[in-house]
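# Structural overview for review
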Amino acid sequence: MTVSASRLFAAASTHHRPGRAHLLMRKYTIHVHAFTAQAAHIASVPVPANSYEDPAVDDVQDPTRLTIYTPTGTAAALRIAQRHLDLIHARIAYTHPGAITRTAADIVYAEARTRAESLTPGQRKDESYHALHSEDDALRMQALTDVMHERAELDT
């Protein structure tokens, strides 16, 4: 059985360790302009610790608002938001070549996606267990996950 990342995150953020402050989950709404998270006008509200949701944008093709759930503060919310926006941009650049100007992150994603598509299901599964050490590794892993999702190779 595979446990979703959102369940793992919610469980980890509610676990209280003696001697440590209990982490409070917050929902951040971040304005977006040209696929860049805007530090100005960030709104946040506390939410129950078990209410984690994956990052979400108002419009996948041209996002203007992004919602992030994290217990780790505003700076972390901005980093998570920008990584999510980079992923959305890379997916658009991959699926609609020429629609937007490609970035370095788009190229990393496209190369990883092409490589993932050339692997067998077993090889993709093996690759999915590798650790992430950099932002590029995160993009590569997401490209692999996208291919596995499209081919129904992920457990739900």
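The notes below deal with the structure included here. These figures come from a predicted structure and were not determined experimentally.

A few words on the layout of surface pockets. Space inside the second largest pocket adds up to approximately 190 Å³. In terms of lining residues, the second largest pocket is bounded by A112, R115, A116, E127, H130, A131, L132, D137, R140, M141 and L144. When contributions to the lining of the second largest pocket are tallied by element, the ones reaching two or more residues are α3 (104–118) and α5 (135–150). Here the lining of the second largest pocket takes four residues from α5, the largest share from any one element. For the lining of the second largest pocket, the class distribution of residues is six nonpolar, one polar and four charged.

Before going further, it helps to spend a moment on the packing of helix α2 (residues 74–95) against α5. It is at 11 Å that the axes of α2 and α5 come closest, and there the two elements cross at 50°. When the interaxial angle is binned, α2 and α5 end up oblique. Both α2 and α5 take part in a crossing whose hand is right-handed. Contacts between α2 and α5 involve R83, L87 and R91 on the former and, on the latter, E135, L139, Q142 and D146. When grouped by side-chain class, the residues that make up the contact of α2 with α5 number two nonpolar, one polar and four charged.

Next up on the list: the pattern of salt bridges. The full count for this structure, using the stated rule, is seven salt bridges. For D137, the salt bridge identified is with R140, shortest N-O distance 3.2 Å. Of this pair, D137 and R140 both sit in helix α5, three residues apart, which is roughly one turn of that helix. Judged by relative accessible area, R140 falls into the partly exposed class, the value being 39%. A cluster of three or more residues bridged by salt bridges with shared partners is formed by R113, E117 and E150.

Cut-offs and rules
- Residues numbered from 1 in each chain as written.
- Predicted model: local features only at pLDDT ≥ 70, side-chain atom pairs only at ≥ 80, totals over all residues.
- Heavy atoms only, no water.
- 1 Å grid on protein atoms, 1.4 Å probe; cavity = no way out; pocket = protein on both sides within 12 Å on 5 of 7 lines; lining within 4 Å.
- Points joined across faces, edges and corners; volume = space filled by probe spheres on them.
- Helix = DSSP H or I, 4+ residues; strand = E, 2+ residues; numbered from the N terminus.
- Nonpolar A, V, L, I, M, F, W, Y, C, P; charged D, E, K, R; others polar.
- Axes fitted to C-alpha atoms, helices over the stretch in contact; angles between N-to-C directions.
- Parallel < 35°, antiparallel > 145°, perpendicular 65-115°, else oblique.
- Left-handed = near helix turned anticlockwise from the far one by under 90°.
- Contact = heavy atoms within 4.5 Å.
- Salt bridge = Lys/Arg side-chain N within 4 Å of Asp/Glu carboxyl O.
- Buried < 20%, exposed > 50% of the residue type's maximum accessible area, 1.4 Å probe, protein only.

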